[in-house]
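Overview (structure and organization)
Residues per chain are reported as follows:
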Amino acid sequence: MNYSIVTPLKNEENTIGATIESVMSQTILPNEWLIINDSSTDNSISIINKYINRYDVIYVIDAHPNINEKEISARIAGLVNFGFKNLKNKCEYFLKLDADIILSSDYCKII
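Source: prediction; values computed, not measured. (Residues numbered from 1 in each chain as written. Predicted model: local features only at pLDDT ≥ 70, side-chain atom pairs only at ≥ 80, totals over all residues. Heavy atoms only, no water.)

1. So, the environment of Met-1
With respect to the element layout, Met-1 can be found in the segment before strand E1 (3–9). When neighbours within four sequence positions are excluded, Met-1 is seen to be in contact with Ile-28, Glu-92, Tyr-93, Cys-108 and Lys-109. (Helix = DSSP H or I, 4+ residues; strand = E, 2+ residues; numbered from the N terminus. Contact = heavy atoms within 4.5 Å.)

Laid out in structure tokens, this is it:
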């Protein structure tokens, strides 16, 4: 299975580590995982950087400056669309994953 993940992120220092651990514990790992930083002001990026050194499928980019939506659902949709367009590899499956979700180790295999 060939899948990629896009995660919009803003100030998730309390949960992003556990989310990354759950993804990297999948029985089938993603080909790539793009985390889109939406101007976080906490330690989220510092936490992610520790994982980037261990897992070469994870990378971070800052939100595109043209995403000017204030309404949260529209903003997240814009971030996800931006992320999808910026994936490095084509994928069969695409997972939009919030930065505060914990997946069971066989989640992606079952889906």
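So that's the structure; there's more coming.
2. Focus: helix H1 (residues 16–24)
Counting buried residues in H1 gives 7 out of 9 residues, a clear majority hidden from the surface. Residues of H1 that are buried: Ile-16, Gly-17, Thr-19, Ile-20, Ser-22, Val-23 and Met-24. Close packing links the buried residues of H1 with E1, strand E2 (32–37), helix H2 (44–52) and strand E3 (58–62). (Buried < 20%, exposed > 50% of the residue type's maximum accessible area, 1.4 Å probe, protein only.)

3. Notes on the pattern of salt bridges
Where charged atoms from two side chains of opposite charge come close, those side chains can pair. Per the counting criterion, the structure on display carries 3 salt bridges. Put simply, Glu-21 and Arg-54 hold a salt bridge, and the shortest N to O gap is 3.7 Å. With Glu-21 in helix H1 and Arg-54 in the loop between H2 and E3, this pair connects stretches of sequence that are 33 residues apart. One salt bridge connects Asp-98 with Lys-96, and the closest N-O pair in it is separated by 2.2 Å. Judged by relative accessible area, Asp-98 falls into the partly exposed class, the value being 32%. (Salt bridge = Lys/Arg side-chain N within 4 Å of Asp/Glu carboxyl O.)

4. Observations regarding unusual backbone geometry
If you check the backbone angles, Asn-11 has positive phi at about 50° while not being a glycine. Position of Asn-11 relative to the elements: it lies in the loop between E1 and H1. At Ser-39, a residue that is not glycine, the phi angle is positive and equals roughly 60°. Of note, Ser-39 is situated in the loop between E2 and H2.

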